[in-house]
Amino acid sequence: MSHATRIDRLRSYPGFGPLTIICLTFLYAPLLVVSVYSFNATRSITEWGGFSFDWYVRAFNNPTIRDAAGNSLFVAVCAATLATTLATMAAISLLRGPPLKGQTGAVSLVSLPLMVPEIITAIASLIFFVTIGVPLGFVSLIAAHTVFCIPFAYLPISARLSGIEATLDEAAGDLYASRADVIRTILIPLMMPGIASGFCLAFIVSLDDFIIANFVSGPGSTTLPVAIYGLARIGFTPEINAVATLMLAVSILFVGLSWFLGRKTTQIN
Amino acid sequence: MKDMATSLDETQVPPATDPLVAKTALTVSGAVKYYPNAPMPALNDVSFSIAENEFFTLLGPSGCGKTTLLRSIAGFEDLTSGSIRLDGDSIESLAPNQRPINTVFQHYALFPHMTVAENVAYPLRRLRLDARAIERRVAEMLALVKLAEMADRKPAKLSGGQQQRIALARALAPNPRLLLLDEPLSALDLKLRREMRTELKQIQIKTGITFLFVTHDQEEALAMSDRVAVMNNGQVEQIGRPEAIYNAPANEFVATFIGETNALSGLVEKTGSGAAQVIVLGGIALAADADLAVGERVGVSVRLEKVDLRPPGEGAVDAIVEQTVFLGTDTVVHLKVGKETLQARLQHTDRARPVPAPGDHCSVHIDPGAATVVARSNR
């Protein structure tokens, strides 16, 4: 109710309507143009020549794109799984473990990658891998993405965990459950919506990442955004539009899924 | 053992068990608990013991330390000093999951992702009982709390009272040596609370498990307990059977906390041959312990129902009715006796005797043995 009145009040500000339209146009018109021209029957990305699925067929048949898409999925699944696991462990130990020295510091440390400019993380990771002698490829890429994805996974997971009453831990302990039992039988099952939401976010962050992937992926491990960038340098074709539109669709799907799971979380509590 | 002797004192043995035969289940001695940054201890030298099969209640206002004590016994808190022994063995070093003690939590703490049956089976699974035994025990427990038909539901689909029963069934399932109940009825409405009171007591008798019940509700404590320990400011003020706590409160706190009472000021008039006489309200003589000195001022507690109203001139002192409060089964009459005030509770059993109206004159009689001296002071 208060939410509705707040929006009504916002609407009454002078210039609210036009400003909204300008913002939405700047945000979404380019995406819309890209999507629309992925269905263009001609080669132009500025002139409409009729509707066709040709560019999608071409994209699917392009080995560079196909391999890159496969790499991207593989890296995203691995990095998201690792990041989600680590974030879950971090959340349980930080929110439910014994009081830790420098606890607030640890929480900030977990979310640090959110604040550090991505290019810095990318260069630092590259130097790090080269220094310790890890060849650039899937290992380096997955490691870098895992670290980068942890805060994205941590946020929904820790939010969910703080919604679980601490008396449930105590009750389980009182009923002969060891600490491991409590985590396995009580916390993990109850955290599942948060964990799934965190996984979706981490997955999409890894899938969409260009900067880090551009620095630390090796010759055989090029991901889709890096491949698109390479193709775009040669010349724009609606083929790129088609791939971009597909990526956009996957992103929207996963962000939506994460939001939906997160919403379910708040409803339960 | 010294502490056992002091707490299981002579007149206050549990009625259900013979004090000479009854085994001690739990002994708390010299329990002290300081929380970091708190100037006052949450527990200040608390000692008592509970006999096997006893329904023992810790009663006190919020913040009196009763919950801290319960959590220390369960293993969620460590005592600063003192010892807790179960069946003679020290348990302080054991984690909660290693103590054969289960808790019924105030807000039930049922596991929301498990069905009722899975909740009750939880402790049994952790104890690695075989599947058939678990199934049998779960059925037995659900029958005990009369909720067998709810076995496959999730806790969220149950009413508050039903959730409470499931929490009880879950805590009783592993047949603990001691069951702790942390204000388990406080979240229920009045009618349900009364029903559960009777049922809890029946279940305790049926299962033969020792209950340690924590509450701030004196009615609950008096209704269910074999013995009650009244706590205040981290200390035990009195331990005894409900009748003893009510009729012979050890001090002013107990007298005013349990039931309603007239706290009067009395003057010791004469002593001798095993008894003293205390004068209250400028003319009513009451009997008291012999160890008082003549001329000493003392605090005297007289229960409302012990004050007897008579026609003017027939009682010891005259009084004027100021106000009457109708309470259904009885009426509380507020009286002015000289400059002092007094309350009397009249039960509506004697139909011939009318309830006085404000402004009426009457006189007051109090049976000499009806009072308890609760405080000695120089006021």
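Residues numbered from 1 in each chain as written. Chains lettered and ligands numbered in written order. Predicted model: local features only at pLDDT ≥ 70, side-chain atom pairs only at ≥ 80, totals over all residues. Heavy atoms only, no water.

Q: Which residues make up the overall build of chain A, and what values go with them?
A: Looking only at helices and strands, one finds 12 helices and zero strands in chain A. Across chain A, helices and strands are ordered from the amino to the carboxyl terminus as α-α-α-α-α-α-α-α-α-α-α-α. With the C-alpha coordinates of chain A rotated into their principal frame, the extents come out at 70 × 60 × 30 Å. Counting every position in chain A, which comprises 269 residues, the buried fraction comes to 40%. For chain A, long-range pairs separated by at least 24 residues make up 74% of all intrachain contacts whose partners lie at least 6 apart in sequence. Of the roughly 14600 Å² that chain A leaves accessible, carbon and sulfur atoms contribute 74%. Here chain A holds 14 positive side-chain charges and 13 negative ones, and the gap between their average locations is 4 Å. (Helix = DSSP H or I, 4+ residues; strand = E, 2+ residues; numbered from the N terminus. Buried < 20%, exposed > 50% of the residue type's maximum accessible area, 1.4 Å probe, protein only. Contact = heavy atoms within 4.5 Å. Areas by Shrake-Rupley, 256 points an atom, 1.4 Å probe, with all protein chains shown as cover. Lys, Arg positive; Asp, Glu negative; His and termini not counted. Charge placed at Lys NZ, Arg CZ, Asp CG, Glu CD.)

Q: Could you give me a rundown of the domain arrangement of chain A, with the residues and numbers involved?
A: Residues and elements named next belong to chain A. Under the domain assignment used here, chain A contains domain 1 (3–37) and domain 2 (56–264). Computed over C-alpha atoms only, the centres of domain 1 and domain 2 are separated by 30 Å. Contacts between domain 1 and domain 2 engage four residues on the former and five residues on the latter. Both faces considered, domain 1 and domain 2 share a buried interface measuring about 380 Å² in area, 60% of it formed by carbon and sulfur atoms. Broken down residue by residue, the surface that domain 1 buries against domain 2 is led by Val34, Ser35 and Tyr37, which jointly contribute 82%. Across the domain 1-domain 2 interface, the total number found is zero salt bridges. Applying the counting criterion to the domain 1 and domain 2 interface returns one residue pair in polar contact (both at pLDDT 80 or more). (Domains from an automatic or database assignment. Buried area = accessible area lost by both parts, 1.4 Å probe. Salt bridge = Lys/Arg side-chain N within 4 Å of Asp/Glu carboxyl O. Polar contact = N/O pair within 3.5 Å; in protein donor to acceptor, adjacent residues only side chain to side chain.)

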